[in-house]
Amino acid sequence: MASLKEVRNRIVSVNSTQQITKAMKMVSAAKLRRAQDAIQQMRPYASKLAEMISTVSAQTEAGAENPFTEVREVKRVMIIVVTSDRGLCGAFNANVGKAAMALVQEKYASLHAAGQVEVLSLGKKGGEYLSRRGYKVNDAHVDIFSRLNFSNVREIGEFMLNAFMEKQFDVVEILFNYSKNVATQIIQTEQLLPLVAAETSVKSSAVDYIFEPSEEQIISELIPKSIKLSIFRALLESNSSEHGARMTAMDKATENAGELIKALKLEYNRSRQAAITKEILEIVGGAEALSA
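These numbers come from a predicted model, not from an experiment.

Basis of the calculations
- Residues numbered from 1 in each chain as written.
- Predicted model: local features only at pLDDT ≥ 70, side-chain atom pairs only at ≥ 80, totals over all residues.
- Heavy atoms only, no water.
- Core = buried A, V, L, I, M, F, W, Y, C linked by side-chain atoms within 4.5 Å.
- Buried < 20%, exposed > 50% of the residue type's maximum accessible area, 1.4 Å probe, protein only.
- Helix = DSSP H or I, 4+ residues; strand = E, 2+ residues; numbered from the N terminus.
- Contact = heavy atoms within 4.5 Å.
- Pairing = 2+ DSSP bridges.
- Axes fitted to C-alpha atoms, helices over the stretch in contact; angles between N-to-C directions.

A word on the nonpolar core. Of all hydrophobic cores here, the largest spans 37 residues; its most connected members are Ile80, Val82, Leu122, Met160, Val172, Leu193 and Leu235. Secondary-structure elements contributing two or more residues to this core are α1 (4-59), β1 (77-82), β2 (117-122), α6 (150-165), β4 (171-181), β5 (184-193) and α7 (215-291). It is α7 that contributes the most residues to this core, ten residues altogether. Dropping the residues within four chain positions of it, Leu122 is found in contact with Ile80, Val81, Val82, Thr83, His141, Ile144, Phe145, Ile156, Ile231 and Leu235. With 16 residues, the next largest nonpolar core counts Val81, Leu103, Val117 and Tyr135 among its residues.

Now for the environment of Ile80. Within the secondary structure, Ile80 sits in strand β1. The spatial distance from the C-alpha of Ile80 to the C-alpha of Thr69 is 18 Å, given a sequence separation of eleven residues. In this structure Ile80 touches Leu120, Leu122, Met160, Val172, Glu173, Ile174, Leu175 and Leu192, once residues within four positions along its chain are discounted.

Another point: the pairing of β5. Each regular strand displays side chains that alternate between the two surfaces of the sheet. As paired strands, β4 and β5 are joined by nine bridges and run antiparallel to one another. Looking across to β5, one finds that Phe176 is bridged to Gln188. Here β4 folds back onto β5, and the loop between the two strands holds two residues.

On to the sheet that holds β1. Ordered in space as β3-β2-β1-β4-β5, the five strands form an open sheet in which the pairing is mixed. Edge positions in the sheet fall to β3 (136-138) and β5, since each has one partner strand and no second. Pairs of neighbouring strands in the sheet enclose a mean axial angle of 25°, with direction left out of account. Across three bridges, β2 lies against β3 in parallel orientation. Bridge pairing links Glu118 to Lys136 in β3. Along the sheet face, helix α3 (residues 92-107) touches β1, β2, β4 and β5 and points at about 140° away from the line of β4.

Shown next as structure tokens:
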């Protein structure tokens, strides 16, 4: 049995840890509210832009002729993984890494064996996870969340679009966490390039469009913007999910610390009672010896 001093020190240590996890939970809750506001403000715009591209592409031939919709033989693949720069958020980062590995093994196993699959890490943890498992990782953008804005995301989008145009990659897919609710994150996988227009409910004869400027110019400007916006949306979704996951993890850690403190206090009281009982027995034994 541990000494009273050791148990007392452990109680102090766990109590300090509990205070830290409680503070981290409160910080994550505040950041989560801001992150949720940002993604909720952006979703309608992203949805309307995607609908516009789908509708215009269905009405014209410009979308099919755009270089970013070109479907070609897949020889090189880029997988973009969006994770966090820090840990202490449960299985948030590991789940994305596992999903990326499953995607590669399911669709691009032979290309991965030939070294033709590259991972672009947006967030430090995803790159570390996959590089340890033998994946080729480009970690030039791991510090993206400390300066998360569309201007910085535009640079990533332009790099990716240029690489696709130069045929460095034939397919680009992105994986990120989507926050269903504060406690539940769902891994989403989307193909960014070549762009596949979503099905539209608008019939080809339902709307008569007048294009100004030409439909080719409209499509050529909207498609790159839509792809960059998709990356930005994935980062915002992941950022919101990260804070939700960390808040949940810290809440659970705080509860566990409380349970551990209860157990340690019980152990401390038992040890103290045992020490008192021992002292009493020694006193009684000494008194009997003197009286004998």
